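# Survey of secondary and tertiary structure
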Amino acid sequence: MANGQWYPPEWPDRIRALADGTLTPVAPRRAATVLLLRDTPAGPAVHMLRRRASMAFAGGAYAYPGGGVDPRDDDLEIGWAGPSRAWWAERLGVDENGAQAVVCAAVRETFEEAGVLLAGSGPGTVVGDTSGDDWEADRAALIAHELSFAEFLDRRGLVLRSDLLGAWTRWITPEFESRRYDTWFFVAVLPEGQRTRETSAEADRTVWTRPEEAAAGYDRGELLMMPPTVATLRQLLPYGSAAEVLAAAPERDMTPVLARARLRDGEVVLSWPGHEEFTKHVPAAPGGGAA
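Before going into details, it helps to say that this report is about the structure given with it. This structure is a prediction, so every number in the text was calculated from the model and none was measured.

## Focus: the packing of helix α2 (residues 85–92) against helix α3 (residues 96–114)
Two numbers describe how α2 lies on α3: the axes approach to 8 Å, and their chain directions differ by 85°. The angle between α2 and α3 places the two elements in the roughly perpendicular class. Each of R85, A86, W88, A89 and L92 in α2 lies in contact with α3, whose residues at this interface are E96, A99, Q100, V102 and V103. Across the contact of α2 with α3, the residue classes break down as seven nonpolar, one polar and two charged.

## Here we look at α3
Between its terminal C-alpha atoms α3 stretches 27 Å, which fits the 27 Å expected from 19 residues at 1.5 Å a residue. The buried count for α3 comes to 17 of 19 residues, which makes it a mostly enclosed element. Between a side-chain oxygen at the N-terminus of α3 and the backbone nitrogen of N97 the separation is 3.4 Å; the capping residue is D95. Trailing α3 by a residue or two, G115 shows a phi angle of about 75°, which is positive.

## A word on the environment of D75
Mapping D75 onto the fold places it in the loop between β4 (66–68) and β5 (80–81). Between the C-alpha atom of D75 and that of A150, which follows or precedes it by 75 residues, the distance is 6.8 Å. When residues no more than four places from it in sequence are discounted, the contact partners of D75 are Q100 and A150.

## With respect to unusual backbone geometry
Of note in the backbone geometry, H145 takes a positive phi value of approximately 60° without being a glycine. By secondary structure assignment, the location of H145 is in the loop between α4 (133–143) and α5 (149–155). On the accessibility criterion, H145 (51% relative accessible area) is exposed.

## Quick word on the packing of aromatic side chains
The full count for this structure, using the stated rule, is eight aromatic pairs. Ring centres 6.2 Å apart and planes at 75° place the aromatic pair F111 and W135 in the edge-to-face group. Of the two residues, F111 is situated in helix α3 and W135 in helix α4; the sequence distance between them amounts to 24 residues. Ring centres 6.2 Å apart and planes at 70° place the aromatic pair W135 and F152 in the edge-to-face group. Remark: F152 occurs in helix α5 and W135 occurs in helix α4; sequence separation between them is 17 residues. Each member of the pair, W135 as well as F152, carries the same accessibility label: buried. Put simply, the rings of F111, W135, F149 and F152 touch in pairs and so form one group of aromatic residues. The ring of W135 is capped by R156, whose NZ or CZ atom sits 3.6 Å from the centre of that ring.

Rules used in this analysis
- Residues numbered from 1 in each chain as written.
- Predicted model: local features only at pLDDT ≥ 70, side-chain atom pairs only at ≥ 80, totals over all residues.
- Heavy atoms only, no water.
- Axes fitted to C-alpha atoms, helices over the stretch in contact; angles between N-to-C directions.
- Helix = DSSP H or I, 4+ residues; strand = E, 2+ residues; numbered from the N terminus.
- Parallel < 35°, antiparallel > 145°, perpendicular 65-115°, else oblique.
- Contact = heavy atoms within 4.5 Å.
- Nonpolar A, V, L, I, M, F, W, Y, C, P; charged D, E, K, R; others polar.
- Expected span 1.5 Å × (residues − 1).
- Buried < 20%, exposed > 50% of the residue type's maximum accessible area, 1.4 Å probe, protein only.
- Polar contact = N/O pair within 3.5 Å; in protein donor to acceptor, adjacent residues only side chain to side chain.
- Phe/Tyr/Trp six-rings, centres within 6.5 Å; stacked < 30°, edge-to-face > 60°.
- Lys NZ or Arg CZ within 6 Å of the ring centre and 35° of its normal.

Right, dumping it as structure tokens:
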């Protein structure tokens, strides 16, 4: 492998099955992930975790904190600050309930997987250190689905700070995958007074790394990553600070990126529109490898 692109061994058979019409795509599950940023003397760094090798989806790959939408993330009683649900609905391309669910998932998953909470007692405020035992008990209850995010915020007298998030991009898992996600990627700056922790049961390592270092590790084949992870790392390269990244988010195109598999000259060509570096060539008949 020339680089660290995640490419499961079952993909060629599934791609061929999709191309010949014998595979029916499963519906993607809504999800959200967050590129959590902080400044360093050399420029912004992003928080990444390495998924445990035992994970069924993207085991061993580096990714950002994130996960699927909890049905309770649609709860209309949630405390909210920042742009309205209607604003977010237009930005994310969904209805208002869906927008709240996706934004809530982004904030909830960041707390569950990194111990960082984008919430405050009101607009313009943000919580400080969240590493105490009481915070840890609430985090564990959220993961166990014993507590909804709305209940968690209400119990602590907090509101979700949607203005601390910037919608960055949207990727949909290819149609031939058995586990599919419609994932919105957000950017956020690590709040002052908070710190990340190794809290995710799905990860065996967490790091703060500069985007250029992580992308170079992928290029050398040292770091395993999925296409959207590499793409977003490269998109961060022009920015000199975390604040610049967040400020650029409102102008980002949120048109979903969805891989295409098509037959051409005796092979199946797998491509991600606008991201030519991830193109793969799969033999139309079993027996060959992907290139």
